[in-house]
Amino acid sequence: MIKMQLEDKIKRLENYLRNKKSVLGFSAGSDSTLIAYILSKVSPDSLLVTVNNNMMPDEFIEYTIKQAEKFNLKHKVINLDFLTDETFQNNGKQRCYECRKLMYFNIQQLPEFENYDYFLEGTNITDLLEDRPGILVLDMFNMTSPLVDCGITKQDVFDMTDYFNL
């Protein structure tokens, strides 16, 4: 029964993303990895974009590149130095909001951005129950949250990544 429920949620996500030529903000965390994997199956003309904020280890960027190659999806890396942004440097309560604003604004500046129909990100239902000020920028950038729209929780994401062996 549980496996069937999981497969139903997978089908819902696949149908939701099917033929949606999308740009996905790709961190290679469990949420964006699941979305990227599904896109690779149902909308392979999509683009993964990773923002190198110059605060993560080099291995992080290398890993995102390898994952994109594994999924056979186009991938871009945008290099930014968040530490030069005064609002981000202040490290206030809104830093996640400012961080996402910086990332999503720069993703939208890519010349090929206009060639895509949807701008996706990996918030899941469970994230909505936590204090995540970064979520507030999603409307500002006309973003879509497929995991939220499909009713997928963090546990569902973990179960699906296990199911797909990701």
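1. As for the nonpolar core
Membership of the largest hydrophobic core comes to 25 residues, with the highest contact counts inside it found for Leu13, Leu17, Leu24, Leu34 and Ile38. Going through the elements one at a time, helix H1 (2-17), helix H2 (30-42) and helix H7 (154-163) are the ones with two or more residues in this core. The element that contributes the greatest number of residues to this core is H2, accounting for seven residues. Setting aside residues up to four positions removed in sequence, Leu34 forms contacts with Leu13, Leu147, Val157, Met160, Thr161, Phe164 and Leu166. With 18 residues, the next largest nonpolar core counts Val49, Phe113, Phe119 and Phe141 among its residues.

2. A few points about the environment of Ser22
Tracing the backbone shows Ser22 in strand S1 (residues 22-25). Overall, the relative accessible area of 0% leaves Ser22 in the buried class. Remark: the alpha-carbon pair of Ser22 and Asp117, spanning 95 residues in sequence, is separated by 5.8 Å. Excluding residues that lie within four positions of it along the chain, Ser22 makes contacts with Leu39, Ser46, Leu47, Tyr116, Tyr118 and Leu120.

3. Comments concerning the sheet that holds S1
Within the open sheet, the four strands sit side by side as S3-S2-S1-S4. Their pairing is parallel. At either end of the open sheet lies a strand with only one pairing partner, and these are strand S3 (74-79) and strand S4 (118-120). Going across the sheet, the axis of each strand differs from the next one's by a mean of 25 degrees, ignoring polarity. Pairing geometry for S1 and strand S2 (residues 47-52), over three bridges, is parallel. The residue of S2 that forms the bridge with Leu24 is Leu48. Against the sheet, H2 engages S1, S2 and S4, with an angle of about 155 degrees to S1. Relative to S2, helix H3 (residues 58-70) is tilted by about 175 degrees, and along the sheet it contacts S2 and S3.

Reading the values: the criteria
Per chain, residue numbering runs from 1 following the sequence as it is written. Residues qualify for local features only when their pLDDT is at least 70, as the model is predicted, and side-chain atom pairs are given and counted only at 80 or more; totals for whole chains, interfaces and linings, by contrast, use all residues. Only heavy atoms go into the side-chain values, all of them from the structure, while hydrogens and water stay out. Throughout this description, the term nonpolar core refers to a set of buried Ala, Val, Leu, Ile, Met, Phe, Trp, Tyr and Cys residues connected via side-chain atoms within 4.5 Å. For every residue, the accessible area obtained with a 1.4 Å probe (protein chains only) is divided by the maximum for its type, and the residue is called buried under 20%, exposed over 50%, and partly exposed between those limits. A run of DSSP states H or I qualifies as a helix once it reaches four residues; a run of E qualifies as a strand once it reaches two. Both are numbered from the N-terminal end. Residue contacts are defined here by distance: any two heavy atoms, one from each residue, within 4.5 Å place the two residues in contact. Strands qualify as paired when DSSP identifies two bridges or more between them. Only the contacting stretch of a helix is used when fitting its axis, a line to C-alpha atoms as for every element, and angles between N-to-C directions run 0 to 180 degrees.

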